[in-house]
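Summary of structural features
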Amino acid sequence: MDYQGIFFDFDYTLGDSTAAIAQGYQLGFSALGLPAPTVEQVRTTVGMTLENGFTHLTGDTDPERQAAFVHQFHITVGTEASGPGRELMIKGTRLLPGAVELLSALKGAGVHTAIVSTKPGDTIRQILAHQGRLELVELIIGWDEVSRVKPDPEGLNLALARFGLEPGQALFCGDTVIDAATAQAGGCGFCAVLNGTTPREAFRAYPHVYIAEDLAGLQGWLGL
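Residues numbered from 1 in each chain as written. Predicted model: local features only at pLDDT ≥ 70, side-chain atom pairs only at ≥ 80, totals over all residues. Heavy atoms only, no water.

Quick word on the packing of aromatic side chains
With the rule as written, the count across this model stands at 10 aromatic pairs. Seen from their ring centres, Tyr25 and Phe73 are 5.9 Å apart, and the 75 degrees between their planes marks the pair as edge-to-face. Taken together, the residues Tyr25 in helix α1 (residues 18-31) and Phe73 in helix α4 (residues 63-76) connect sequence positions 48 residues apart. The same class applies to Tyr25 as to Phe73, namely buried. Geometrically, the ring pair formed by Phe190 and Phe203 is tilted, given 5.9 Å between the ring centres and 35 degrees between the ring planes. Residue Phe190 is found in strand β7 (residues 189-193), and its partner Phe203 is found in the loop between β7 and β8 (210-212); the two are separated by 13 residues along the sequence. In this structure, Phe190 and Phe203 share a single accessibility class: buried. Pairwise contacts between aromatic rings join Tyr25, Phe29, Phe54, Phe69 and Phe73 into one cluster. (Phe/Tyr/Trp six-rings, centres within 6.5 Å; stacked < 30°, edge-to-face > 60°. Helix = DSSP H or I, 4+ residues; strand = E, 2+ residues; numbered from the N terminus. Buried < 20%, exposed > 50% of the residue type's maximum accessible area, 1.4 Å probe, protein only.)

Considerations on the nonpolar core
The nonpolar side chains of soluble globular proteins are, as a tendency, buried together. In this structure, Ile6, Phe8, Phe69 and Leu218 are the most contacted members of the largest nonpolar core, which totals 44 residues. Top element by residues in this core is α1. It accounts for five residues. When sequence neighbours within four positions are dropped, the list of residues in contact with Leu218 reads Phe8, Leu102, Cys173, Cys191, Val193 and Ala212. Counting residues in each nonpolar core, the second largest holds 21 residues, with Phe7, Val116, Leu160 and Phe163 among its members. (Core = buried A, V, L, I, M, F, W, Y, C linked by side-chain atoms within 4.5 Å. Contact = heavy atoms within 4.5 Å.)

Focus: helix α3 (residues 50-58)
Within the span of α3, buried status applies to Leu50, Gly53, Phe54 and Thr55. Against α1 and α4 lie the buried residues of α3.

Some words on unusual backbone geometry
Between Lys150 and Pro151 the backbone carries a cis peptide bond, its omega angle lying at 15 degrees. Assignment of secondary structure puts Pro151 in the loop between β5 (139-141) and α8 (154-163). For Tyr12, which is not glycine, the phi torsion reads 65 degrees and is therefore positive. Of note, Tyr12 is situated in the loop between β1 (5-8) and β2 (15-16).

With respect to the packing of helix α5 (residues 84-91) against helix α7 (residues 121-130)
Two numbers describe how α5 lies on α7: the axes approach to 8 Å, and their chain directions differ by 65 degrees. Classified by the angle their axes make, α5 and α7 are roughly perpendicular. Together, Arg86, Met89, Ile90 and Lys91 of α5 and Thr123, Gln126, Ile127 and His130 of α7 make up the contact between the two elements. Across the contact of α5 with α7, the residue classes break down as three nonpolar, three polar and two charged. (Axes fitted to C-alpha atoms, helices over the stretch in contact; angles between N-to-C directions. Parallel < 35°, antiparallel > 145°, perpendicular 65-115°, else oblique. Nonpolar A, V, L, I, M, F, W, Y, C, P; charged D, E, K, R; others polar.)

Limitation: the analysis is restricted to geometry and does not speak to function.
Here you go:
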């Protein structure tokens, strides 16, 4: 394998927090007097910022309404929650099939690993720690640890700098065109992983080195 660093998105790339995210959206919308979205509708927002997800589902671009929804989400299941909703986010998130095997193989091969996500960094750390898998990822960068979120490549650039790598030495793997655009902006190779809601055809408009059906397929392509 030519890459010295393999970086990942989290939601629908390595993990699935659908139940908690859907609950956060549904309760947040209800608190604002809006019809609660279905789980399938919420699934289409995964990978977006909460602000953009709110606008995607409502068409409402008002910053105050966006902020009100984000606040409701965070006190329900997010960083400001402490009850069952937060427990659902941490303990109810599952790692997708093949994630542990792939991350373990990368660690065994001495390849640098990082997660660059629009999920809060500490939330991802808590999820992985709960599952006893935190040691499998060297670096986690959440939306709250950068000044500009994806598709801006700031998170990728931080990971590259941490490991002393050039963009061409790293591969970014994700399930959305936001991830594809992030890799393109950062000059990294991109591999799509079809674990989410984005169809294969959507990635053809972006530079990519491979489109994997799942994480096992990615591991096989990497030769691990």
